[in-house]
Amino acid sequence: GAGVSQSPRYKVAKRGQDVALRCDPISGHVSLFWYQQALGQGPEFLTYFQNEAQLDKSGLPSDRFFAERPEGSVSTLKIQRTQQEDSAVYLCASSSPRQRNTEAFFGQGTRLTVV
Amino acid sequence: GNSVTQMEGPVTLSEEAFLTINCTYTATGYPSLFWYVQYPGEGLQLLLKATKADDKGSNKGFEATYRKETTSFHLEKGSVQVSDSAVYFCALLSTGRRALTFGSGTRLQVQP
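Cut-offs applied
- Residues numbered from 1 in each chain as written.
- Chains lettered and ligands numbered in written order.
- Predicted model: local features only at pLDDT ≥ 70, side-chain atom pairs only at ≥ 80, totals over all residues.
- Heavy atoms only, no water.
- Contact = heavy atoms within 4.5 Å.
- Buried area = accessible area lost by both parts, 1.4 Å probe.
- Salt bridge = Lys/Arg side-chain N within 4 Å of Asp/Glu carboxyl O.
- Polar contact = N/O pair within 3.5 Å; in protein donor to acceptor, adjacent residues only side chain to side chain.
- Helix = DSSP H or I, 4+ residues; strand = E, 2+ residues; numbered from the N terminus.
- Nonpolar A, V, L, I, M, F, W, Y, C, P; charged D, E, K, R; others polar.
- Core = buried A, V, L, I, M, F, W, Y, C linked by side-chain atoms within 4.5 Å.
- Buried < 20%, exposed > 50% of the residue type's maximum accessible area, 1.4 Å probe, protein only.
- Pairing = 2+ DSSP bridges.
- Axes fitted to C-alpha atoms, helices over the stretch in contact; angles between N-to-C directions.
- Phe/Tyr/Trp six-rings, centres within 6.5 Å; stacked < 30°, edge-to-face > 60°.
- Lys NZ or Arg CZ within 6 Å of the ring centre and 35° of its normal.

Engineer: Help me understand the interface of chain B and chain A in this model?
Structural biologist: One widely used convention gives an interface's size as the accessible area the parts lose upon coming together. The interface is formed by 23 residues belonging to chain B together with 23 residues belonging to chain A. Here chain B packs against chain A, burying approximately 1700 Å² in sum over the two surfaces, 49% of which is carbon and sulfur. One can count 1 salt bridge joining chain B with chain A. With its nearest N and O atoms 3.3 Å apart, the salt bridge here joins A:Asp56 to B:Arg97. The tally of links between chain B and chain A comes to 4 residue pairs in polar contact (both at pLDDT 80 or more). Put simply, the parts of the chain that give the side of chain B that touches chain A at least two residues each are strand S5 (32-38), strand S6 (45-50) and strand S10 (86-93) of chain B. For the side of chain B that touches chain A, the element with the highest residue contribution is S5(B), accounting for 4 residues. Residues belonging to the side of chain B that touches chain A are distributed by class as follows: 9 nonpolar, 10 polar and 4 charged.

Engineer: Where do I start with the nonpolar core in this structure?
Structural biologist: All names here are of chain B. Among the nonpolar cores identified, the biggest contains 26 residues, and Leu19, Trp35, Leu47, Leu48, Phe73, Leu75 and Tyr88 are the most heavily contacted of them. Counting only elements with at least two residues in this core, the list comes to strand S2 (11-14), strand S3 (19-21), strand S4 (23-26), S5, S6, strand S8 (62-65), S10 and strand S12 (106-111). In terms of residue count, the dominant contributor to this core is S10 (4 residues). Beyond its immediate sequence surroundings of up to four residues, Phe73 is in contact with Cys23, Leu33, Phe34, Trp35, Leu48, Lys49, Ala50, Ala64, Thr65, Tyr66 and Cys90.

Engineer: How should the sheet that holds strand S1 (residues 5-7) of chain A be read in this particular structure?
Structural biologist: Paired through their backbone hydrogen bonds, the strands of a sheet run either parallel or antiparallel. Residue and element names in this part refer to chain A. Here 4 strands make up an open sheet; going across it, the order is S1-S3-S8-S7 and the pairing antiparallel. Edge positions in the open sheet fall to S1 and strand S7 (65-68), since each of these has one partner strand only. With strand direction ignored, the average angle separating the axes of adjacent strands in the sheet is 15°. Direction of pairing for S7 relative to strand S8 (residues 75-79): antiparallel, over a ladder of 4 bridges. Its bridge partner lying in S8, Ala67 is registered against Leu77.

Engineer: How should I be thinking about unusual backbone geometry in this particular structure?
Structural biologist: Excluding glycine, residues mostly carry a negative phi; peptide bonds, for their part, are mostly trans. Geometrically, the link from A:Ser7 to A:Pro8 is a cis peptide bond, its omega value of -10° lying close to zero. By secondary structure assignment, the location of A:Pro8 is in the loop between S1 and strand S2 (10-13). Cis rather than trans, the peptide bond between B:Gly9 and B:Pro10 has omega equal to 0°. Looking at where B:Pro10 falls in the secondary structure, it is placed in the loop between strand S1 (3-6) and S2.

Engineer: Looking at this structure, I do not really get the side chain of B:Ser94. What am I missing?
Structural biologist: Residues and elements named next belong to chain B. Mapped onto the elements of the fold, Ser94 is located in the loop between S10 and strand S11 (101-102). By relative accessible area, Ser94 is classed as buried at 3%. A polar contact is formed between the side chain of Ser94 and the side chain of Asn2, at a distance of 2.9 Å.

Engineer: I tried to follow the packing of aromatic side chains on my own but got confused; where do I start?
Structural biologist: Taken as a whole and judged by the stated rule, the model has 13 aromatic pairs over all chains. Look at B:Tyr25 and B:Tyr66: their rings are 6.1 Å apart centre to centre, the planes differ by 85°, and that puts the pair in the edge-to-face class. Of this pair, B:Tyr25 sits in strand S4 while B:Tyr66 sits in the loop between S8 and strand S9 (75-77), placing them 41 residues apart in sequence. Of the two residues, B:Tyr25 and B:Tyr66, neither departs from the other in class, the shared state being buried. Members of the aromatic cluster, each reached through a chain of ring pairs, are A:Phe33, A:Tyr35, A:Phe45, A:Tyr48, A:Phe106, B:Phe34, B:Tyr36, B:Phe89 and B:Phe102. The ring of A:Phe45 has B:Arg97 sitting right over it, with the charged end atom 5.0 Å from the ring centre.

Engineer: Please clarify how the pattern of salt bridges should be interpreted in this entry.
Structural biologist: Side chains carrying opposite charge are able to pair once their charged atoms draw close together. According to the stated counting rule, one finds 7 salt bridges over all chains in the structure shown. Residue A:Arg22 pairs with A:Asp24 through a salt bridge whose shortest N-O separation is 2.8 Å. With relative accessibility at 37%, the residue A:Arg22 sits in the partly exposed group. The residue B:Asp55 makes a salt bridge to B:Lys52 at a minimum N-O spacing of 3.4 Å.

Engineer: Before we go on, may I ask you to explain the pairing of strand S6 (residues 53-56) of chain A in this structure?
Structural biologist: Within a regular strand, the side chains alternate between the two sheet faces. All names here are of chain A. Where strand S5 (residues 44-50) and S6 come together, 3 bridges link them in antiparallel fashion. The partner of Gln50 across the bridge, within S6, is Ala53. Between S5 and the antiparallel strand that follows it, S6, lie 2 residues; Asn51 among them carries a positive phi value of about 55°.

Distances and angles like these do not, on their own, reveal function.
Right, dumping it as structure tokens:
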């Protein structure tokens, strides 16, 4: 596709529900990132994939958060037993790894509201 | 650890005014520095970047100079337009990492 696509754009979950957020990166981009953006704050790193390998998951806030990218393209961020503090915008970004400083392209994000 | 500090917003300016948004950073090694912009209803977009000390990034009339001695990367524009109204994020990419570290963002509102 032309850009990074995320779905759904908006998700309302009851506390305790599990949610799954999807990211379709730009075709051919092997690097994929997930960030969490709380209201009024900048994005904070959650996890990073290179192809299907999850190389860095140091930003995941708890073991309720899980991400996968089984075929090295589409990625899913799963949050189990959602809590109110999980309410945020979840951003996905992809980039080409050929140069370390290459631009990361961001999706529009999924706004998660836990009620 | 790495961190980015931006001036708090909102910054409200009249059209054609001069803009400065301050950004300072803390990082080990020699990070690359970025400004991203988020227009209403859209995703983050790269505005400009600089990869080494004294580099100047520029795009769409915006400029920022990588100042290692003051650990700063202030964003400037000589004459803002209403269409520049957005949230601006300063970010760094430190040596050995792949993920960006962002500041908290500065909202710019330009009035006609």
